[in-house]
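Chain by chain, the residues run as shown.
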Amino acid sequence: MNQKILWCGCALLLSSVLSPGRAGEPALAVANIEQIFKEHQQLKQIIAQLNEQTARQSAERKRMVDDLDQRKDELRQLNLEALKSTLTETERARRREQAEAKLHDFRVIEARILRADEANRRQLDTRLQEVRQQYFAEVQAQIRAYAAEHHLALVIDSSPLAAQSGVGGVLHADAQLDITAAIIARVNQPPPAAARTNAPGAPPP
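Residues numbered from 1 in each chain as written. Predicted model: local features only at pLDDT ≥ 70, side-chain atom pairs only at ≥ 80, totals over all residues. Heavy atoms only, no water.

## Here we look at the confidence of the model for the protein
Which entries qualify depends on this criterion: Think of pLDDT as the predictor's per-residue confidence, scored from 0 to 100. Helical segments are the DSSP runs of H or I of at least four residues, strand segments are the runs of E of at least two, and each set is numbered from the N terminus. The contact definition used throughout considers only heavy atoms, calling two residues in contact when any of these lie within 4.5 Å.
Within the protein, residue pLDDT values average 81, and 76% of them lie at 70 or more. Here helix H1 (residues 4-10) stands out as the least confident element of the protein, with mean pLDDT 44; helix H3 (residues 41-81) is the most confident, with 94. Note that residues 1-22 has pLDDT below 50 and, in this model, 66 contacts with residues that lie over four places away or in other chains.

## Focus: the pattern of salt bridges
Side chains bearing opposite charge may pair, as long as their charged atoms lie close to each other. What counts, and what does not: Salt bridges are identified by distance alone: a Lys or Arg side-chain nitrogen within 4 Å of an Asp or Glu carboxyl oxygen. Relative accessibility under 20% of the residue-type maximum defines a buried residue, over 50% an exposed one, and the middle range a partly exposed one, all with a 1.4 Å probe and only protein chains included.
The tally for this structure, following the rule as stated, stands at 16 salt bridges. With its nearest N and O atoms 2.8 Å apart, the salt bridge here joins Asp117 to Arg61. Taken together, the residues Asp117 in helix H4 (residues 89-149) and Arg61 in helix H3 connect sequence positions 56 residues apart. Residue classification places Asp117 among the partly exposed positions, given a relative accessible area of 28%. Two residues, Glu118 and Arg122, come together in a salt bridge whose shortest N-O distance is 3.6 Å. Linking Glu118 with Arg122, this pair stays in helix H4, spanning 4 residues, or about one helical turn. Looking at Arg122, the relative accessible area reads 47%, which means it is partly exposed. It is possible to trace a salt-bridge network through shared partners that takes in Glu118, Arg121, Arg122 and Asp125.

## Describing H3
Worth spelling out the cut-off: To estimate the expected span of a helix, subtract one from its residue number and multiply by 1.5 Å.
For H3, spanning 41 residues, the distance from its first C-alpha to its last is 60 Å, which sits close to the expected 60 Å at 1.5 Å a residue. Every buried residue of H3 is accounted for by Leu43, Ile46, Ile47, Leu50, Asn51, Thr54, Met64, Leu68, Leu75, Leu78 and Glu81.

## Focus on the environment of Ala99
Relative to the helices and strands, Ala99 is located in helix H4. Among the residues examined, Ala99 registers a relative accessible area of 5% and is labelled buried. In this structure the C-alpha to C-alpha distance between Ala99 and Asn79, which are 20 residues apart in sequence, comes to 6.3 Å. Not counting the four nearest positions on each side in its chain, Ala99 is found in contact with Leu75, Leu78 and Asn79.

## Brief notes about the packing of H4 against helix H6 (residues 180-187)
So the rule is basically this: Lines fitted to C-alpha atoms define the axes, with helix axes restricted to the stretch in contact, and inter-axis angles between N-to-C directions lie between 0 and 180 degrees. Convention used here: angles under 35 degrees read as roughly parallel, angles over 145 as roughly antiparallel, angles from 65 to 115 as roughly perpendicular, and any remaining angle as oblique. Should the near helix be turned counterclockwise from the far one by less than a right angle, the crossing is left-handed, whereas a clockwise turn marks it as right-handed. For this classification, Asp, Glu, Lys and Arg are treated as charged, while Ala, Val, Leu, Ile, Met, Phe, Trp, Tyr, Cys and Pro are nonpolar and the rest, including Gly, are polar.
The N-to-C vectors of H4 and H6 enclose an angle of 120°; their axes lie 10 Å apart at closest approach. Relative to H6, H4 is oriented oblique. For H4 against H6, the interelement crossing comes out right-handed. Residue-level inspection shows Glu138, Val139, Gln142, Ile143, Ala145, Tyr146 and Glu149 of H4 in contact with H6, the latter providing Ala182, Ile183, Arg186 and Val187. Partitioned by chemical class, the residues of the contact of H4 with H6 number 7 nonpolar, 1 polar and 3 charged.

## A short note on the nonpolar core
This is how it is decided: Think of a nonpolar core as a cluster: buried Ala, Val, Leu, Ile, Met, Phe, Trp, Tyr and Cys residues, connected wherever their side-chain atoms sit within 4.5 Å.
Counting residues in each nonpolar core, the largest one holds 23 residues, and the members touching the most others are Val155 and Ile183. Residue assignment for this core shows that the elements contributing at least two residues are strand S1 (28-31), helix H2 (33-38), H3, H4 and H6. A total of 8 residues in this core trace back to one element, the largest contributor, which is H4. In terms of nonpolar packing, the next biggest core, distinct from the first, is built from 5 residues, Met64, Phe106, Ile109 and Ile113 among them.

## Here's the deal with unusual backbone geometry
Look at His151: it is not a glycine, yet its phi comes out positive at around 55°. Its location among the elements puts His151 in the loop between H4 and strand S2 (154-157).

Here it is as structure tokens:
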């Protein structure tokens, strides 16, 4: 799976209008959302799992398509033999019956491939949507927390995708205002002990 699908879906404009900045402190900061998502360790693991799942599905689809191609060749050969004048009418009729059975199997497998393709596509779309919502909300919460702690009134997405999509971005950003690295460090920090204990599936204390 092309990872860029997820990055493009996740790289949205973030802005947070919070408490006014103190005297001498900047009230504006920028964060490269695309970079944050690319360096988010948990998100990398999710992407790797999705890639593995997609690879397994692709391998299974190839196996089914190869089987379908083989049956197509067999069907073509049976149809040719059913037309041979050197065969008796009984033999030609037998070939036609075999061809009809082979055609039925061919259509069953073809329909199965189409259903699997549609099911896999819907499953992937649903999972990507869930991932986008989950990690976008998490990163947005971390940015808001950081902005509150540092008295930033506004945070703007400085990633190239934001500018290209026409939904935001900045033309120039002072490096001193860029909090991208700080947000990456925050999202990759292990959760507190209490949060790990209360997490679903965590072992009892």
